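# Summary of the model geometry
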Amino acid sequence: MDPETFRTRTTRHPGPGGKPLLRFTHDYPDPPERVWRAITDSEEHSSWFGFPVVVEPVEGGNFTVTFSPEMVERARVVEVDEPLRFVYAGDGDAYRWLLSPHGDGCRLVLENVVGDPGHLPQSAAGFHLALDKMGELLDREAGRPAPHGGPLSFDDLVKHYSELPEQAN
C-alpha cells in the first residue's frame, strides 16, 4: 500500500476543543455542481457511502445515516452554500464539505471533527473508501476508465490511519 498513489489524501490536524480533525482532499474531473449533487442527494450519497443516507440540504435540515437498525447517526445541517459548502454536525462530530473549481474539475475538501478520537482510524478508512467509491461512480457515469491500482481494504487502511501523525493547521 503506497499512500503516494491514493486518490484520496488524508491528513490529521488539531481541531476545536482538542478533538482531532481529519482533512480529506480528493480531486474529481467533474464540475462542483455534479459533485455537490453526489453529496446532497440522498440516493446518490447512499450509493457511494455504502449505508442508507437521508439528506435534507437546507439549513436546519436533517442528515441521517443508518448503519444498522440499532445504530442510526443523526446530524443537523448548519450551513448550505450551493455548490461550494455543505456543513452538518451531531453527536460530537462535525462535517464540512468544501468544493472549489480545480482545473477542468473540482477539488473536494472534507473536514471531519472526530467526536470520539478512539474511532479516528475507522473514520479515516471509511471516508477514504467512500470518497474513492464516489469517484468510481462518477467516472463510470461519465464513461471514463477506472483508475489504476488495486482496491484498498478497510482493515489495511485502519492500520495505516492508526499511525497518522498530527500536522499543524
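Just above, that's the structure.
First, a word on what this report is: a plain description of the structure on this page. What you see is a predicted model, and the numbers here were worked out from it, not measured in a lab.

About the thresholds
Residues numbered from 1 in each chain as written. Predicted model: local features only at pLDDT ≥ 70, side-chain atom pairs only at ≥ 80, totals over all residues. Heavy atoms only, no water. Salt bridge = Lys/Arg side-chain N within 4 Å of Asp/Glu carboxyl O. Helix = DSSP H or I, 4+ residues; strand = E, 2+ residues; numbered from the N terminus. Buried < 20%, exposed > 50% of the residue type's maximum accessible area, 1.4 Å probe, protein only. Phe/Tyr/Trp six-rings, centres within 6.5 Å; stacked < 30°, edge-to-face > 60°. Axes fitted to C-alpha atoms, helices over the stretch in contact; angles between N-to-C directions. Parallel < 35°, antiparallel > 145°, perpendicular 65-115°, else oblique. Left-handed = near helix turned anticlockwise from the far one by under 90°. Contact = heavy atoms within 4.5 Å. Nonpolar A, V, L, I, M, F, W, Y, C, P; charged D, E, K, R; others polar. Core = buried A, V, L, I, M, F, W, Y, C linked by side-chain atoms within 4.5 Å. Pairing = 2+ DSSP bridges.

## Some details on the pattern of salt bridges
A full pass over the atoms with the stated rule returns 11 salt bridges. Linking Glu 141 and Arg 34 is a salt bridge whose minimum nitrogen-to-oxygen distance equals 2.8 Å. With a gap of 107 residues between them, Glu 141 in helix α3 (residues 120-142) and Arg 34 in helix α1 (residues 32-40) connect regions that are remote in the sequence. Assessed through its relative accessible area of 52%, Glu 141 is described here as exposed. Judged by relative accessible area, Arg 34 falls into the buried class, the value being 10%. In this structure, Arg 96 engages Glu 111 in a salt bridge whose closest nitrogen and oxygen atoms are separated by 2.8 Å. With Arg 96 in strand β7 (residues 93-102) and Glu 111 in strand β8 (residues 105-113), this pair connects stretches of sequence that are 15 residues apart. What makes Glu 111 buried here is its relative accessible area of 12%. Sharing partners across several salt bridges, the network here consists of Arg 7, Asp 30, Asp 139 and Arg 144.

## Looking at α1
Burial analysis of α1 places seven of its nine residues in the buried class, which makes it a mostly covered element. For α1, every residue scored as buried is listed here: Pro 32, Arg 34, Val 35, Trp 36, Ala 38, Ile 39 and Thr 40.

## Digging into the packing of aromatic side chains
Per the stated rule, a full pass over the model turns up 14 aromatic pairs. Both rings, one in Phe 63 and one in Phe 86, keep their centres 6.4 Å apart while their planes meet at 55°; by these two values the pair is tilted. A residue pair is termed long-range when its members are at least 10 positions apart, and Phe 63 in strand β4 (residues 62-68) and Phe 86 in strand β6 (residues 85-90) qualify at 23 residues. Taken as a pair, Phe 63 and Phe 86 share a single burial class, namely buried. On the basis of an interplanar angle of 25° and a centroid distance of 4.9 Å, the ring pair of Tyr 88 and Tyr 95 is categorised as stacked.

## Section: the packing of α3 against helix α4 (residues 154-161)
Contact pair α3 / α4: the axes reach a minimum separation of 8 Å and the direction vectors enclose 130°. When the axis of α3 is compared with that of α4, the two are oblique. Regarding α3 and α4, the two cross each other, and that crossing is right-handed. Every residue of α4 that contacts α3 at Leu 120, Pro 121, Gln 122, Ala 124, Ala 125, Gly 126, His 128 and Leu 129 is listed here: Phe 154, Leu 157, Val 158 and Tyr 161. Its residues assigned to classes, the contact of α3 with α4 shows nine nonpolar, three polar and no charged.

## Some details on the nonpolar core
Counting 37 residues, the largest nonpolar core has Ile 39, Trp 48, Phe 86, Trp 97 and Met 134 as the members making the most contacts within it. Tallying contributions element by element places α3 first for this core, with eight residues. Discounting residues that sit within four places of it in the chain, Ile 39 has contacts with His 45, Trp 48, Val 55, Phe 86, Trp 97, Leu 99, Leu 108 and Met 134.

## Looking at the sheet that holds β7
Spatial strand order, β1-β2-β8-β7-β6-β5-β4-β3: eight strands in an open sheet with antiparallel pairing. Each of the sheet's edge strands pairs with one partner strand only, and the pair in question is β1 (8-14) and β3 (53-55). Averaged over all pairs of adjacent strands, the angle between strand axes in this sheet comes to 20°, irrespective of strand direction. Each of β2 (20-28), β3, β5 (71-81), β6, β7 and β8 touches α1; the most contacted strand, β7, lies at about 160° to it.

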